[in-house]
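Spelled out, the chains give:
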Amino acid sequence: MWNFSFVFPTLLILTIILIYYYMLPHLDIRRNRVFIHITEAEAFVIVFDIISSLADNHYQSLPLSLTSIFNALFFAGFFFRSYLFFIFTVSVLGYSPKDNRILAFISRVPFYFSLVISMLSPIFGWIYYIDSDGYHSGPLYSLLYYVSLFYIAASFISFLYKKDVLENKRDRYTMILFNLVLLCGIVIRRLLPNLLLMDTFCLMAILVAYLGFENPEFFLDLKSTAFNDTALRRYLDEHGKDRSLTYFSLVVHTYNEMREIYGPVPMDNGLYLISLFLRHCFPKAYVFYFLRGRFVIIFREPISPEAIRDIIDKRFKEPWVLDGSELYLDANYSFYIPRDMVPSTDTILEALSISLSKADRTADNIPVEIRSEDINKAEAGLHIKECFESAIENDNVTVYLQPLVDIKTKRIIGAEALARIFDKDGNMIPPDLFIPMAESSGLINQLGEQVFEKTCRFISENDLMSIGIKWINVNLSPLQFIRVDLSDRFSDIAARYGVPPAQLHLEITEQAVEDDAFMQKQMSTLTDNGFQLVLDDYGTGYSNLLRLKKCPFVNIKIDRELVWDYSKNPDNILPTMVSAFKQMGFGITAEGIENEEMVVAMERIGCDYLQGYFYSKPISMDAFLETVKAL
Ligand code: C2E
Ligand code: CA
Ligand code: CA
């Protein structure tokens with residue numbers, strides 16, 4: 001006699017999971033579709049488990065053929081479910097049948113085989129047979145275990161091969177737990193075959209999958225209730241190569257300022273209303289919230305960007321009202337209609353991001369089109385990012401040195417350390433491209449420390465004093481400058497290489513010293529530890545003489561634009577400034593010296609040091625040593 005007391009609660013719990021799953025929107029991606037099929041298969045198996053067990057228990061009152069067919073359907077469903085659990089695992093791991101058609105076919109063989117065996121069992125009695133004594137297991141009954149074990153083993157092997165796809169530990173543990181629960185189910189079924197516990201274990205696995213991977217909230221932005229950026233990434237990973245998709249995106253104009261003006265809560269209400277409006281207007285499209293006031297709408301049909309813009313723009317003329325907050329917002333747009341190329345997910349996202357920043361800067365609301373050259377640019381940007389990240393990770397940032405020349409002796413007295421990064425082919429990537437990236441990603445701290453450490457090593461390995469080099473300037477980004485542990489870290493590194501801190505001049509820009517007591521303290525901590533401070537790029541920010549007066553700089557570097565401007569149209573401004581600084585006790589360096597006339601002009605107005613292509617471009621450390629020794 002079968003005991004199916006566990007089966008009814010299993011069915012009820014499954015219903016609750018499904019209700020919650022369907023209450024929220026979900027994406028059309030493979031793993032979600034497989035998850036739905038698993039729940040359907042589970043429901044099917046449970047129903048036929050109940051029906052066939054009832055029929056087996058009461059076989060005398062039913063035609064044998066009917067009992068037999070119920071059992072066949074149960075076994076077919078059982079095998080299908082085992083197969084689907086495996087397909088779910090590989091879908092979460094990012095495998096697609098298109099990756100390897102042969103493997104995909106092989107993985108289906110046990111399922112097809114067991115399906116045929118199940119369906120033919122009413123005739124041949126392979127898995128079970130029903131005679132006048134009722135239900136009996138057939139000679140191939142163990143196929144049930146072997147096929148299930150095959151798929152669980154295949155799941156574990158796939159996981160081992162591709163576990164890096166799962167970015168966090170939680171996902172990896174979920175994946176292991178999911179398959180372990182299925183394994184336990186099989187073992188227990190084998191030990192206690194009459195209890196029909198397999199369905200309960202499958203339900204537990206479904207619950208694990210739901211809680212760990214499939215909860216629709218993972219793919220929703222909880223503020224705006226649109227799909228989130230993870231969902232966008234997943235969707236593009238699967239459908240990005242589909243050229244029939246079209247993209248329309250919008251950004252709330254000057255989103256950060258608006259958030260400051262209206263406050264975070266009303267602004268979140270605004271995002272929620274915008275998302276609601278977009279989903280209502282374009283019910284067949286997917287609406288994603290792409291962070292920082294940006295939405296991406298993916299259409300699965302051709303669009304007229306202007307028509308969409310008109311619809312959205314009309315709504316933006318009205319205020320967004322919720323809970324007493326009333327927001328007047330403006331929007332800018334961009335769109336992308338893929339033509340000949342099929343860019344990667346990262347490239348599409350980067351291009352969308354760039355196009356929205358560009359749109360946000362425009363005064364009008366004409367949608368900015370993403371063309372193939374923009375896609376190429378986005379790809380190039382990503383390439384730089386990759387090179388840069390790998391250089392940081394592998395300690396591969398190279399330091400070039402540009403000589404600083406003493407104006408009186410015309411000899412090299414110091415150098416500025418400038419970061420360089422090379423791609424795989426040895427092409428140099430200019431700092432103007434990677435420094436902003438380093439700053440926005442926070443990696444500037446690591447970059448700055450690498451440059452500092454390599455400069456210390458260079459000083460310690462070469463007797464610079466003997467060749468007249470008194471110090472080396474190292475650039476400090478404002479982000480490094482706000483770190484409380486900056487001075488300790490730099491002191492430790494300098495001490496490790498036995499370099500006296502006085503041989504290191506730290507260049508900071510006016511941005512970094514904007515007022516405030518902390519900055520003053522930071523500067524005095526650095527100078528107390530023996531470092532020298534230099535003000536970089538003077539003339540590019542808003543200078544405040546009073547503040548500068550309080551700063552312990554040994555030197556002020558006049559920005560090259562100011563130097564060039566003076567050499568084109570000499571007036572009194574630069575000379576007056578230079579003499580004021582000198583009275584305040586600062587040394588002066590003129591940057592961007594490109595010819596003899598500039599040298600003469602800077603000498604006349606009283607500068608102390610010169611830096612520029614006239615003397616040398618930034619060069620490798622070895623080349624620098626040779627240049628100094630050759631003089
Ligand atoms: P910066 O600190 O103003 O560095 C001087 C820049 O001017 C260097 O550009 C140098 O090659 C360039 N330069 C020097 N003389 C001349 C000249 O006569 N004519 C012209 N046209 N340019 C000249 P580079 O190396 O491309 O660096 C650009 C910027 O990147 C730097 O400007 C600095 O702000 C940043 N940077 C470079 N390395 C680092 C670093 O290690 N850390 C930080 N935080 N920033 C860095
Ligand atoms: Ca500098
Ligand atoms: Ca500079």
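Please read these numbers as outputs of a predicted model, since none were measured by experiment. (Residues numbered from 1 in each chain as written. Chains lettered and ligands numbered in written order. Predicted model: local features only at pLDDT ≥ 70, side-chain atom pairs only at ≥ 80, totals over all residues. Heavy atoms only, no water.)

To continue, consider the site of ligand 1. Of all residues adjacent to ligand 1, which total 23 residues, the nearest are Gln402, Arg420, Arg560, Glu594 and Tyr613. Within the backbone of alanine 419, an N or O atom sits 3.1 Å from a nitrogen atom of ligand 1. Compared with its free state, where it exposes 790 Å², ligand 1 has 86% of that area covered by protein. Within the residue set of the shell around ligand 1, elements represented by two or more residues are strand 11 (412–422), helix 14 (431–441), helix 15 (444–461), strand 15 (532–538) and helix 20 (560–568). Here the shell around ligand 1 is composed, by residue class, of 10 nonpolar, five polar and eight charged. (Near = heavy atom within 4 Å. Polar contact = N/O pair within 3.5 Å; in protein donor to acceptor, adjacent residues only side chain to side chain. Areas by Shrake-Rupley, 256 points an atom, 1.4 Å probe, with all protein chains shown as cover. Helix = DSSP H or I, 4+ residues; strand = E, 2+ residues; numbered from the N terminus. Nonpolar A, V, L, I, M, F, W, Y, C, P; charged D, E, K, R; others polar.)

This brings us to the domain arrangement of the chain. What the domain assignment lists for the chain is domain 1 (7–216), domain 2 (220–370) and domain 3 (384–630). Between the C-alpha centres of domain 1 and domain 2 there is a distance of 40 Å. Taken together, the 10 residues of domain 1 in the interface contact 10 residues of domain 2. Carbon and sulfur atoms make up 61% of the surface buried where domain 1 meets domain 2, a total of about 850 Å² over both sides. It is Leu27, Asp28 and Ile29 that lose the most area in domain 1 upon contact with domain 2, and together they represent 54% of the buried surface on that side. Summed over the shared surface of domain 1 and domain 2, the result is one salt bridge. Among the salt bridges present, the one from arginine 33 reaches glutamate 238, with a minimum N-O distance of 3.5 Å. (Domains from an automatic or database assignment. Contact = heavy atoms within 4.5 Å. Buried area = accessible area lost by both parts, 1.4 Å probe. Salt bridge = Lys/Arg side-chain N within 4 Å of Asp/Glu carboxyl O.)

This part takes up helix 17 (residues 486–496). The complete set of buried residues in helix 17 reads Leu486, Ser487, Phe490, Ser491, Ile493 and Ala494. Seen along its axis, helix 17 keeps its buried residues to an arc of 165°; they face one direction. Of the residues in helix 17, the exposed ones pointing more than 90 degrees away from the buried face are Asp492, Ala495 and Arg496. Buried residues belonging to helix 17 abut helix 15, helix 16 (478–481), strand 14 (504–509) and helix 18 (517–528). Glycine 498 lies just past helix 17 and shows a positive phi near 65°. (Buried < 20%, exposed > 50% of the residue type's maximum accessible area, 1.4 Å probe, protein only. Arc of directions from axis to C-beta.)

This paragraph deals with the coordination of the calcium ion (ligand 2). Ideal geometry at a metal gives 109.5 degrees between four tetrahedral donors and either 90 or 180 degrees between six octahedral ones. Coordination sphere of the calcium ion (ligand 2), protein contribution only: Glu416 (OE), Asn475 (OD1), Glu507 (OE) and Asp536 (OD), at 2.1 to 2.3 Å. Sequence positions of the donors to the calcium ion (ligand 2) reduce to the motif E-x58-N-x31-E-x28-D. Separation of the calcium ion (ligand 2) from the calcium ion (ligand 3) amounts to 3.8 Å, with aspartate 536 serving as a shared donor to the pair. You can see glutamate 416 sitting in strand 11 and its partner asparagine 475 sitting in strand 13 (residues 471–475), a full 59 residues away along the chain. Take asparagine 475: its relative accessible area is 28%, and that puts it in the partly exposed class. (Donors = N, O, S within 2.8 Å, 3.2 Å for Na, K, Ca; no water.)

Before going further, it helps to spend a moment on the packing of helix 8 (residues 229–239) against helix 12 (residues 345–361). Contact geometry of helix 8 with helix 12 gives a least axis separation of 9 Å together with a crossing angle of 130°. Classified by the angle their axes make, helix 8 and helix 12 are oblique. The handedness of the crossing between helix 8 and helix 12 comes out as right-handed. Two secondary-structure elements touch here, helix 8 through Leu232, Arg233, Leu236 and Asp237 and helix 12 through Thr345, Asp346, Ile348 and Leu349. Considered class by class, the residues forming the contact of helix 8 with helix 12 number four nonpolar, one polar and three charged. (Axes fitted to C-alpha atoms, helices over the stretch in contact; angles between N-to-C directions. Parallel < 35°, antiparallel > 145°, perpendicular 65-115°, else oblique. Left-handed = near helix turned anticlockwise from the far one by under 90°.)

A few words now on the coordination of the calcium ion (ligand 3). Within the protein, the atoms that donate to the calcium ion (ligand 3) are Asp536 (OD), Asp537 (OD), Glu591 (OE) and Glu591 (OE), at distances of 2.2 to 2.7 Å. Spacing between the donor residues of the calcium ion (ligand 3) along their common chain follows D-D-x53-E.

Among the nonpolar cores identified, the biggest contains 76 residues, and Phe481, Phe553 and Met602 are the most heavily contacted of them. The element best represented in this core is helix 15, accounting for seven residues. Setting aside its immediate chain neighbours within four residues, phenylalanine 481 contacts Leu476, Leu486, Ile508, Ala512, Val513, Phe518, Met519, Gln522, Met523 and Leu526. The next biggest cluster of nonpolar side chains, apart from the first, holds 63 residues, and it includes Ala41, Val90, Leu196 and Ala209. (Core = buried A, V, L, I, M, F, W, Y, C linked by side-chain atoms within 4.5 Å.)

What follows is about the sheet that holds strand 5 (residues 294–299). Read across the sheet, five strands follow the order 4-5-3-8-9 without closing on themselves; strand pairing throughout is mixed. Edge positions in the sheet fall to strand 4 (286–289) and strand 9 (368–369), since each of these pairs with one other strand and no more. On top of the sheet, helix 8 reaches strand 3 (246–252), strand 4 and strand 5; it is set at about 130° to strand 4, its chief contact. (Pairing = 2+ DSSP bridges.)

If you roll a probe as big as a water molecule over the atoms, it shows you where there is empty space left. Within the structure shown, the criterion is met by five cavities of 30 Å³ or more. Of the voids in this model, the largest cavity is the one considered here, and its volume is about 90 Å³. Contributions of two or more residues to the lining of the largest cavity are made by helix 3 (64–92), helix 5 (143–162), helix 6 (169–191) and helix 7 (198–214). Each residue belonging to the lining of the largest cavity can be placed in one class, and the counts come to seven nonpolar, four polar and one charged. (1 Å grid on protein atoms, 1.4 Å probe; cavity = no way out; pocket = protein on both sides within 12 Å on 5 of 7 lines; lining within 4 Å. Points joined across faces, edges and corners; volume = space filled by probe spheres on them.)

Further remarks concern the environment of methionine 341. The residue methionine 341 is located in the loop between strand 8 (331–336) and helix 12 in this model. Taking C-alpha positions, methionine 341 is 31 Å from isoleucine 274, a pair spaced 67 residues apart along the chain. With near-sequence residues (within four places) excluded, methionine 341 lies in contact with Arg243, Tyr336, Ser372, Ile375 and Asn376.

Before going further, it helps to examine the packing of aromatic side chains. For the coordinates displayed, the defined rule picks out 46 aromatic pairs. Taken together, a centroid distance of 5.1 Å and an interplanar angle of 75° make the contact between phenylalanine 150 and tyrosine 151 edge-to-face. On the basis of an interplanar angle of 70° and a centroid distance of 6.0 Å, the ring pair of phenylalanine 277 and tryptophan 320 is categorised as edge-to-face. Pair noted here: phenylalanine 277 is in helix 10 (residues 264–281) and tryptophan 320 is in strand 6 (residues 320–322), with a separation of 43 residues, a long-range link. (Phe/Tyr/Trp six-rings, centres within 6.5 Å; stacked < 30°, edge-to-face > 60°.)

Attention now goes to the side chain of aspartate 313. Structurally, the position occupied by aspartate 313 is in helix 11 (residues 305–316). Despite its burial, aspartate 313 remains without a salt bridge, the nearest opposite charge being carried by lysine 317 at 4.1 Å. A polar contact is formed between the side chain of aspartate 313 and the side chain of tyrosine 333, at a distance of 2.7 Å. When residues no more than four places from it in sequence are discounted, the contact partners of aspartate 313 are Tyr333 and Asn365. (Lys, Arg positive; Asp, Glu negative; His and termini not counted.)

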